[in-house]
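Residues per chain, in single letters:
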Amino acid sequence: MTAVSEERAGAGLSIQDLHVRFSGARVLDGLSLAVAPGEIVGLAGRNGAGKTTTLRAISGLAARSGGVISLDGVRLPARPEAVARAGVAHVPEGRGIFADLTVEENIRLGIVRKVPAERTLRGALEEAFPAVVRLRGQKAGRLSGGEQQMVALFRGLIGSPRVLLVDEMSLGLSPRALRTAIEALAGLGRAHGIGVLVVDQNSRMLHEHCDRVHLLNDGRVRLWEDASDIASAYFA
Ligand SMILES: Nc1ncnc2c1ncn2[C@@H]1O[C@H](COP(=O)(O)OP(=O)(O)OP(=O)(O)O)[C@@H](O)[C@H]1O
């Protein structure tokens, strides 16, 4: 294998045989998953299946008891700042917005590494999320839930990450705002080679917008190909 093809083979986010335990209980039990550059991947599963834990383990926020997580072929350490600097951005469940800071100040917190001017996404983000531009000087705590979610997505992408993790994407968004937001995410991801991993309870939305959807059950994932088969996916 040449150096170039090796690089391609390892491009994007790769999770292999991930194990996470809480007080001895196995929450993730050999989970393996990959997100290629520019790909949008959905992660579904019932309440308590371990979706948030998966994203937190990638970001170094949940301790792993086994497994390897790598980005572009390089192992990610289990330290949140180092993971962020390596190019993994995380929009957490509940959005992680700082209420007393302005929208612009919240957005600047997303710039965790130097990005060459030609790779900055600010222009594209302003086009995709005009409401965020309009609200730039407002205290973020005054915004509606949906507006805060858009700020969180904007902040997640402003640093041109290699991978964006989004927990509970649809939280607080109206159906129309959700469609706009996920189409923007998918479009920006594809155009700029950013892999996106989206967790959501809304499996229909995931199937509609993602390149593929995985179902998390018993600590592992499997491909969920038949979007209409919700009953056996969740209750098998
Ligand atoms: N810090 C923690 N300490 C102990 N148990 C935890 C911790 N975090 C999560 N858990 C447990 O791990 C399991 C998976 O939780 P997680 O939040 O990952 O599920 P989820 O699939 O995101 O659920 P939901 O759809 O309800 O948000 C749950 O049983 C939860 O109680």
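Residues numbered from 1 in each chain as written. Predicted model: local features only at pLDDT ≥ 70, side-chain atom pairs only at ≥ 80, totals over all residues.

Per an unreviewed UniProt entry, the protein chain goes by the name Branched-chain amino acid transport system ATP-binding protein and belongs to Actinacidiphila yanglinensis. Regarding the protein chain, the UniProt comment filed under Sequence similarities (unreviewed entry) reads as follows: "Belongs to the ABC transporter superfamily." (UniProt positions renumbered as here; feature names shortened; annotations may be inferred.)

**Q** Please explain the site of the ligand as it appears in this structure.
**A** The immediate surroundings of the ligand are formed by Phe 22, Val 27, Gly 45, Asn 47, Gly 48, Ala 49, Gly 50, Lys 51, Thr 52 and Thr 53. In terms of residues, the shell around the ligand owes the most to one element, helix α2 (residues 51-58), which gives three residues. The class makeup of the residues in the shell around the ligand is three nonpolar, six polar and one charged. (Near = placed C-beta within 6 Å. Helix = DSSP H or I, 4+ residues; strand = E, 2+ residues; numbered from the N terminus. Nonpolar A, V, L, I, M, F, W, Y, C, P; charged D, E, K, R; others polar.)

**Q** Mind showing me how you'd approach the sheet that holds strand β10 (residues 220-223) here?
**A** The strands that make up a sheet are held in pairs by hydrogen bonds between backbone atoms, and each pair lies either parallel or antiparallel. What the six strands build is an open sheet, ordered β6-β7-β8-β3-β9-β10; its pairing is mixed. One side of each edge strand has no neighbouring strand; the edge strands of this open sheet are β6 (88-91) and β10. Going from strand to strand, the sheet's axes swing by 20 degrees on average, the running direction of each strand aside. Sheet topology note: the strand β7 (residues 163-167)/strand β8 (residues 195-199) ladder contains five bridges and is parallel. Bridge pairing in β8 places Leu 164 opposite Val 196. The strands touched by α2 are β3 (40-44), β6, β7, β8 and β9 (212-217); relative to β7, the strand with the most contacts, the crossing angle is about 150 degrees. (Pairing = 2+ DSSP bridges. Axes fitted to C-alpha atoms, helices over the stretch in contact; angles between N-to-C directions. Contact = placed C-beta atoms within 7 Å.)

**Q** Sorry if this is basic, but what is going on with the pairing of β7 here?
**A** Side chains on a regular strand alternate between the two faces of the sheet. The buried count for β7 comes to five of five residues, which makes it a mostly enclosed element. Of the two faces of β7, the one holding Val 163, Leu 165 and Asp 167 and the one holding Leu 164 and Val 166 are both buried throughout. Relative to β7, β6 runs parallel, the two sharing four bridges. Bridge pairing links Ala 89 to Leu 164 in β7. For the crossover from β7 across helix α8 (residues 175-192) to β8, the handedness is right-handed. (Buried ≥ 20, exposed ≤ 12 C-beta atoms within 10 Å, placed from the backbone. Right-handed = clockwise from strand over helix to strand, strands pointing away.)

**Q** What's the story with α8 in this structure? I'm lost.
**A** Along an α-helix, residues three or four positions apart point the same way, because every turn accommodates 3.6 residues. Between its first and last C-alpha, α8 extends 26 Å over 18 residues, near the 26 Å set by a 1.5 Å rise per residue. Along α8, the residues that are buried comprise Leu 178, Ala 181, Ile 182, Leu 185, Leu 188 and Gly 189. Projected down its long axis, α8 shows its buried positions confined to an angular sector of 130 degrees, all on one face. Exposed residues lying more than 90 degrees from the buried face of α8 are Arg 176, Glu 183 and Ala 191. In this structure, the buried side of α8 is in contact with β3, α5 (122-128), α7 (145-158), β8 and α9 (203-209). Taken from the residues just after α8, Gly 193 is the one with a positive phi, measuring 70 degrees. (Expected span 1.5 Å × (residues − 1). Arc of directions from axis to C-beta.)

**Q** Is there a simple way to think about α2 in this case?
**A** Counting buried residues in α2 gives seven out of eight residues, a clear majority hidden from the surface. Buried within α2 we find Lys 51, Thr 53, Thr 54, Leu 55, Arg 56, Ala 57 and Ile 58. Count one or two residues on from α2 and you reach Gly 60, which has phi positive near 85 degrees.

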